[in-house]
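Below are the chains, spelled out letter by letter.
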Amino acid sequence: MLIFKPLFTSLVFAVTISMAAATTAQASEASAGLQLARSNNCMSCHQVDQKRVGPAMTVIAERFADTEGAAAHLAQSILKGSRGQWGPVPMPAQSHVTDANAKLIAAWILSLNDKKVD
Ligand code: HEC
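Reading the values: the criteria
- Residues numbered from 1 in each chain as written.
- Predicted model: local features only at pLDDT ≥ 70, side-chain atom pairs only at ≥ 80, totals over all residues.
- Helix = DSSP H or I, 4+ residues; strand = E, 2+ residues; numbered from the N terminus.
- Contact = placed C-beta atoms within 7 Å.
- Near = placed C-beta within 6 Å.
- Buried ≥ 20, exposed ≤ 12 C-beta atoms within 10 Å, placed from the backbone.
- Arc of directions from axis to C-beta.
- Core = buried A, V, L, I, M, F, W, Y, C linked by C-beta atoms within 7 Å.
- Axes fitted to C-alpha atoms, helices over the stretch in contact; angles between N-to-C directions.
- Parallel < 35°, antiparallel > 145°, perpendicular 65-115°, else oblique.
- Left-handed = near helix turned anticlockwise from the far one by under 90°.
- Nonpolar A, V, L, I, M, F, W, Y, C, P; charged D, E, K, R; others polar.
- pLDDT = per-residue confidence, 0-100.
- Expected span 1.5 Å × (residues − 1).

1. As for the overall build of the protein
Scanning the protein from terminus to terminus reveals four helices and zero strands. The helix and strand sequence of the protein, counted from the amino end, reads α-α-α-α. Taking the intrachain contacts of the protein between residues at least 6 apart in sequence as the baseline, contacts between residues at least 24 apart amount to 61%.

2. Let's talk about the site of the ligand
Taken together, 28 residues form the shell around the ligand, and within it Cys42, Cys45, Gly54, Gln85 and Met91 come nearest. Secondary structure elements with two or more residues in the shell around the ligand: helix H3 (70–80) and helix H4 (99–111). A per-element tally of the shell around the ligand places H3 first, with three residues.

3. Describing H3
Every buried residue belonging to H3 is among Ala71, Leu74, Ala75 and Ile78, and all of these are buried. One face of H3 carries all of its buried residues, which in axial projection span an arc of 105°. Elements in contact with the buried residues of H3: H4. Downstream of H3 by one or two residues, Gly81 has phi in the positive range, about 90°.

4. Side note on the nonpolar core
The biggest cluster of nonpolar side chains holds 17 residues, and the ones touching the most others in it are Leu74, Ala75, Ile78, Ala102, Ile105, Ala106 and Ile109. The set of elements that each furnish at least two residues to this core consists of helix H2 (57–63), H3 and H4. For this core, the element with the most residues is H4, which contributes seven residues. Ignoring anything within four residues of it in the chain, the contact list for Ile78 reads Gln94, Val97, Ala102, Ile105 and Ala106.

5. Focus: the packing of H3 against H4
Orientation of H3 relative to H4, taken along the N-to-C sense of each, is 125°, at an axis distance of 8 Å. When the axis of H3 is compared with that of H4, the two are oblique. When the axes of H3 and H4 are compared, the crossing they make is right-handed. Residue-level inspection shows Ala70, Ala71, Leu74, Ala75, Ile78 and Leu79 of H3 in contact with H4, the latter providing Ala102, Lys103, Ile105, Ala106, Ala107, Ile109 and Leu110. By residue class, the composition of the contact of H3 with H4 is twelve nonpolar, no polar and one charged.

6. Overview of the confidence of the model for the protein
Close inspection of predicted coordinates is inappropriate in any region flagged by low pLDDT. A residue-level look at the protein finds 70% of positions with pLDDT of 70 or above and a mean pLDDT of 86. By mean pLDDT, helix H1 (residues 4–39) is the weakest element of the protein at 71, and H3 is the strongest at 98.

7. A word on H4
When the terminal C-alpha atoms of H4 are compared, their 18 Å separation across 13 residues agrees well with the 18 Å that a helix rising 1.5 Å per residue should span. Residues of H4 that are buried include every one of Ala102, Leu104, Ile105, Ala106, Trp108, Ile109 and Leu110, and no others.

8. Looking at the environment of Leu36
Positionally, Leu36 belongs in helix H1. The class of Leu36 is partly exposed, set by 16 C-beta atoms lying within 10 Å. The residues touching Leu36, leaving out its near neighbours within four places in the chain, are Asn101, Leu104 and Ile105.

Okay, here's the thing in structure tokens:
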């Protein structure tokens, strides 16, 4: 049994390391999304977890958590604008955003839903 102990210890160590690496990767993906939202001027009307002019990103994520094709739908809303979904104020088309970035930001918004984790 004693022979296996060092092996077991290094296995636990390796698993711990790879879990830490995965967490770091997730965190940097999240901040890349936030960076994009900032650099595309989204955060002048939105906040991550509070209503501003537009709904909180986390609340959008919650509403679309179980919706099929949500990422594509949100990317379209970003590119074409949205009205009447959340309140009286419409979101103008964000025509400065590229297709690729709209998809990345939509995926980031959806990733903010905590319910997906559990
Ligand atoms: C001028 C203010 C403003 C800016 C800038 C803005 N938004 Fe919005 N956004 C809003 C408002 C207001 C709504 C709610 C519109 C509605 O009721 O349909 C909204 C709604 C949304 C929705 C939900 C759409 C849906 O289909 O339910 C998403 C996603 C979104 N915004 C993302 C973004 C992103 C990403 C950016 C940056 C590229 C951005 N917004 C920039 C004001 C803004």
